[in-house]
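# Coordinate analysis (summary)
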Amino acid sequence: MMDIGAVHRYLTGLQERIVSRLEALDGKPFLRDAWERPEGGGGVSRLLEEGNLLERGGVGFSHVLGTKLPPSATEHRPDLAGRPWEAMGVSLVLHPRNPYVPTVHMNVRFFAAKSPDGDPGKGVWWFGGGMDLTPYYGFEEDCAHFHRVNREALAPFPGLHARFKKWCDEYFLNRHRREPRGIGGTFFDDFNEGGFDACFAVQRAVGDAFLPAYEPIVQRRREAPWGERERDFQLYRRGRYVEFNLVWDRGTHFGLQSGGRTESILMSMPPLVKWRYDWKPEPGTPEARLYTDFLVPKDW
């Protein structure tokens, strides 16, 4: 039996746990912005701008309802057209100030759609989520740690980590550039294998792994000295992040097309960014090494 209330309680608790820890790491408090959606539902957006560690960081919870799904949802699931639906999730993106600290994204979510005739047995539900790391300057030990925590989190569920890692490599790809967004992690969607309780356990394993996966990297890199060169490259690479979120990300498309709250959806955008025409790093530089050694799918 589905216990949507348990999912709701887990997600709101996860948001609070993550924000509390990030506030301790940064030293500044997150803004709390509760909002309602006219079509149904609402959420709480937590945002920090101009922090000590985070130049911008957003951790959002939403629980939204509707009667008609947007094209981003029905184009790959046409059977859902016309069904009443609800979706809830926690989504975060952290853009650190120091170029040696990677940007990170994490999302865990739940979706359910009722049968048009109201028959509970014909309802559809699934879980989704994952996390991925986007470094500007690559360090093997950071990448290995991030992937190791993801692998260990999914170890109780045989076979899932290999699937979700491959899925992540394939999803977080700027296809117009044939270039990965970062070094991957895990990603899954439309997941309803083994029953509700088993899938909910997978979601919790992924959500609970976020802080252990990311915080040690932050602690290792946050005091690294940096200058104008590193800052310039960070802003240039942030442009790739913006391109993916606006051009390819299904979550962004779903939120905007379903009449979601624009400020909450786009709080994942970095505060500053640069684009340059056909720029390439000098061979042999740390910037070039990001492309040759890190922005390639591999078994970390």
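Please read all numbers here as calculations on a predicted model, not as lab measurements. (Residues numbered from 1 in each chain as written. Predicted model: local features only at pLDDT ≥ 70, side-chain atom pairs only at ≥ 80, totals over all residues. Heavy atoms only, no water.)

Looking now at the layout of surface pockets. When its volume is computed, the second largest pocket comes out at roughly 220 Å³. As for the second largest pocket, its lining consists of Arg177, Glu179, Tyr236, Arg240, Trp275, Arg276, Tyr277, Asp278, Trp279, Lys280, Pro281 and Tyr291. Of the residues belonging to the lining of the second largest pocket, the class tally is six nonpolar, no polar and six charged. (1 Å grid on protein atoms, 1.4 Å probe; cavity = no way out; pocket = protein on both sides within 12 Å on 5 of 7 lines; lining within 4 Å. Points joined across faces, edges and corners; volume = space filled by probe spheres on them. Nonpolar A, V, L, I, M, F, W, Y, C, P; charged D, E, K, R; others polar.)

This brings us to the pairing of strand 3 (residues 54–66). Burial of strand 3 is extensive: 11 of the 13 residues sit out of reach of the surface. With nine bridges connecting them, strand 2 (residues 41–49) and strand 3 associate as antiparallel partners. Across the sheet, Leu47 pairs through a bridge with Gly58, a residue of strand 3. In this antiparallel pair of consecutive strands, strand 2 and strand 3, the connection spans four residues, and Glu50 shows a positive phi of 55°. (Buried < 20%, exposed > 50% of the residue type's maximum accessible area, 1.4 Å probe, protein only. Helix = DSSP H or I, 4+ residues; strand = E, 2+ residues; numbered from the N terminus. Pairing = 2+ DSSP bridges.)

Let us now look at the packing of aromatic side chains. What the rule picks out here adds up to 27 aromatic pairs. Pairing Tyr171 with Phe187 gives two aromatic rings, centres 4.2 Å apart and planes at 5°, and the pair type is stacked. One end of the pair, Tyr171, is in helix 4 (residues 160–171); the other, Phe187, is in strand 9 (residues 184–191), and 16 residues separate them in sequence. We classify Tyr171 as buried; its relative accessible area is 13%. Overall, Phe187 belongs to the buried group, its relative accessible area being 6%. Plain terms: the ring middles of Phe233 and Trp279 are 6.0 Å apart, the flat faces sit at 50° to each other, and that makes the pair tilted. Placement of the pair is Phe233 in helix 7 (residues 228–247) and Trp279 in the loop between helix 9 (262–265) and helix 10 (286–294), with a sequence separation of 46 residues. (Phe/Tyr/Trp six-rings, centres within 6.5 Å; stacked < 30°, edge-to-face > 60°.)

A separate point is the pattern of salt bridges. Counting across every chain of the model gives 29 salt bridges. Here Glu55 ties to Arg238 by a salt bridge, and the two come within 2.8 Å at their closest N and O atoms. A residue pair is termed long-range when its members are at least 10 positions apart, and Glu55 in strand 3 and Arg238 in helix 7 qualify at 183 residues. With respect to burial, Glu55 and Arg238 carry one shared label: buried. Its salt-bridge partner being Arg220, residue Glu141 comes within 3.9 Å of it at the nearest N-O pair. Of this pair, Glu141 sits in helix 3 (residues 140–153) while Arg220 sits in helix 6 (residues 210–221), and the two are 79 residues apart along the sequence. Judged by relative accessible area, Glu141 falls into the partly exposed class, the value being 47%. By relative accessible area, which is 36% here, Arg220 ends up partly exposed. Here the salt bridges do not stand alone but share partners, grouping Glu141, Asp142, Arg220 and Arg221 into one network. (Salt bridge = Lys/Arg side-chain N within 4 Å of Asp/Glu carboxyl O.)

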